[in-house]
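A look at the structure
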Amino acid sequence: MKRLFLAIVALSMSMVAQQKPIFTQGKIQQATVYFTGVDLTHTASANIPKGTSELVIKNVANSLSEETIRVLAPSNVTVLSVQFTSRYMEEYQVEKNSPALKRVQDSLTLLEKQLKKLRNQRYTEEKTISLLDGNNTLKGSQDGIAIGDIPKLMDYYTAKRTELLNSIDVLKEKEETLTTAIAKLNAKLDVNASQEEKLSNGKIILQLMSPVAQKADFQVSYISNRATWRPFYELRADRLSAPIHLLYKGQISQSTGVDWKGVKLSLSSGNPNKSNQFPILQAWHLYFDSETYEVTRARNAAPLGYAKVTADVSLKRADVEKMALEESSVAEYTTVAENQLNVSFDIDTPYDILSNGKAHSVSLQELDLKADYKYYTAPRVDKEVYLVAAVEDYSKYNLLSGEANIVFEGLYVGKTYIEPNQTNETLNVTMGNDRKISVKREKISDKSQTKFISSYKEQTFTYDILLRNNKKEPISLVLKDQYPVSTEKDIEVELLESTRASQDEQTHILTWELTLKPNETKTFRISYKLKYPKDKTVN
């Protein structure tokens, strides 16, 4: 029985090769966009004959993963094979121009030929006038012309020149008429061309076998890597006592070659290209190697675990309010689905996204986040004071890592970064820096010194940190500083003074939590000592 089936399939394949393929156009219905890649679903229908046939589904992505193609067909239709190509045989291509377009093009060709003839005739007559004008000097008998023939010659010159000028005027009128007609036809051609749907080069070829001739409906799905999306946020806060209004957005771009028109969109945090094989541990061997050191610059980092705000050009309050009024949102049509592995946003409203690689923004959710506000500063690496919102129980909001615009008290203040993939119970979001709170960290020269003791060098560093609240209301503030951690046994580090700061013994980070009244100034001191061999240099 198995041999018989294989023989039937082989015979069917040979018969298919002899038949003319059937073409149909796939209509995109749904797009599930991942951070890298998209799962597209098309529907198509075609009249297929009894027996075997080849069905070519046009207008699929120019690039796709062939092993991910899935085909749903009627129960009585057998799909013998599935192939993908972006270079199908040209002789099977459908005529690109419709009959209406061809009539317009033929008319254009005819009119352009007529216009060329008119211009040639006008050019000839203009040259004839130039010839007549070049021979208008008569010298009587010296030119072999009798005095009595001069009036006749003048009459001929006048009549001929007038005739040519009148003819040139008529030709110019005809040229203007033809030029206007050609412009109208070109405009019509442009309209028709713009209305004609642009198809991609991708095609899926199905080898089919049907017991009867019938009209069959098909559904084809596949994964292409020519699309991406990323989360983006807008944070709005009117005052410190109000919750943060968060606008959850998705920025989508695609260059699949297929314009997505009226499709149902889903945005997923999954990755279809990621390997799903769980890791297997092998033996971990130790061996001697040369020592290497990696030096990192703290000054370019964000202040000790908080996302740093990138300030852009400030906008006026009216501009921000106008942006809010003009912004479209489909948040009420979005359903959030969360499973064990990822989060997806299903948008019920049909959406259009062209295949031009440009970012298309869509609003997914609007949330109000309850937050506790504190000011934060780490003047050793940054001389600014930042307003930080602490959001508790943030996992219920299904946030993903992404940039965020900040609008505080009606003014755009810059960008920050939301990073929910952390182990802390609180999500800290930087809302911008406040210039009404000043901080200054200065070295105290008379308390900082260097001296030599035997074979050792001893250095003392002392800094004062001055904080001032220039606002009209009291503030809560977290101040952080640090002293170095030794990685060598020959380098000794000792903290001499820290003005009642709490200390992390491993990182040597000092923390002060304080309240500043309006117009109040407070000073904090940090002092530490280094001791190391005097023939060494400490970096």
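Residues numbered from 1 in each chain as written. Predicted model: local features only at pLDDT ≥ 70, side-chain atom pairs only at ≥ 80, totals over all residues. Heavy atoms only, no water.

Counting its regular elements, the protein contains four helices and 27 strands. Each of the 539 residues in the protein was classed as buried or not, and the buried ones make up 38%. Taking the contacts inside the protein whose residues are at least 6 apart along the sequence as the reference set, 77% of them involve residues at least 24 apart. Per element, the accessible surface of the protein, about 33,700 Å² overall, is 50% carbon and sulfur. (Helix = DSSP H or I, 4+ residues; strand = E, 2+ residues; numbered from the N terminus. Buried < 20%, exposed > 50% of the residue type's maximum accessible area, 1.4 Å probe, protein only. Contact = heavy atoms within 4.5 Å. Areas by Shrake-Rupley, 256 points an atom, 1.4 Å probe, with all protein chains shown as cover.)

Next up on the list: the nonpolar core. Among the nonpolar cores identified, the biggest contains 84 residues, and Trp260, Leu265 and Met431 are the most heavily contacted of them. Beyond its immediate stretch of four places on either side in the chain, Leu265 contacts Ala31, Val33, Ile252, Trp260, Phe345, Asp346, Ile347, Tyr351 and Ile353. (Core = buried A, V, L, I, M, F, W, Y, C linked by side-chain atoms within 4.5 Å.)

With that settled, the discussion passes to the packing of aromatic side chains. The final tally for this structure, using the stated rule, is seven aromatic pairs. An aromatic cluster of at least three residues, connected via ring pairs, comprises Phe35, Trp229, Tyr233, Tyr248 and Phe345. Directly above the ring of Tyr456 sits Lys531, whose terminal nitrogen or CZ lies 5.2 Å from the centroid. (Phe/Tyr/Trp six-rings, centres within 6.5 Å; stacked < 30°, edge-to-face > 60°. Lys NZ or Arg CZ within 6 Å of the ring centre and 35° of its normal.)

Among the seven residues that make up strand S16 (residues 386-392), five are buried, leaving the element largely enclosed by the rest of the structure. Here strand S15 (residues 371-377) runs beside S16; their pairing, made up of six bridges, is antiparallel. Its bridge partner lying in S16, Tyr376 is registered against Tyr386. Sheet topology note: the S16/strand S19 (residues 426-433) ladder contains seven bridges and is antiparallel. Bridge pairing links Ala390 to Asn428 in S19. (Pairing = 2+ DSSP bridges.)

Next up on the list: the pattern of salt bridges. In the structure shown here, the tally under the stated rule is 16 salt bridges. For Asp481, the salt bridge goes to Arg441, with nearest N and O atoms at 2.8 Å. Placement of the pair is Asp481 in strand S23 (residues 475-482) and Arg441 in strand S20 (residues 437-443), with a sequence separation of 40 residues. Across the pair, exposure class does not vary: Asp481 and Arg441 are buried alike. Between Lys471 and Glu473 there is a salt bridge, with its nearest N and O atoms 3.6 Å apart. Of the residues examined, Lys471 reaches a relative accessible area of 12% and is grouped as buried. By sharing partners, the salt bridges in this structure join Lys451, Glu458, Glu494 and Lys529 into a single network. (Salt bridge = Lys/Arg side-chain N within 4 Å of Asp/Glu carboxyl O.)

This part covers the sheet that holds strand S26 (residues 509-516). With mixed pairing, the six strands of this open sheet are ordered in space as S19-S16-S15-S23-S26-S25. Edge positions in the open sheet fall to S19 and strand S25 (502-503), since each of these has one partner strand only.

Turning our eyes to something else, we now look at the side chain of Thr68. With respect to the helices, strands and loops of the structure, Thr68 is situated in strand S5 (residues 65-72). On the basis of relative accessible area, Thr68 is assigned to the buried category, the value being 19%. Ignoring any residue separated from it by four or fewer positions in sequence, one finds Thr68 in contact with Ser221, Tyr222 and Ile223.

This part covers the confidence of the model for the protein. A residue-level look at the protein finds 78% of positions with pLDDT of 70 or above and a mean pLDDT of 81. Within the protein, the lowest mean pLDDT, 43, falls on helix H4 (residues 317-326), and the highest, 96, falls on strand S8 (residues 214-224). Predicted confidence for residues 90-96 stays below pLDDT 50, and this span has seven contacts to residues more than four positions away or in other chains. Here residues 291-307 is modelled with pLDDT under 50, and outside its nearest four sequence neighbours on either side it reaches 26 contacts, counting other chains as well. (pLDDT = per-residue confidence, 0-100.)

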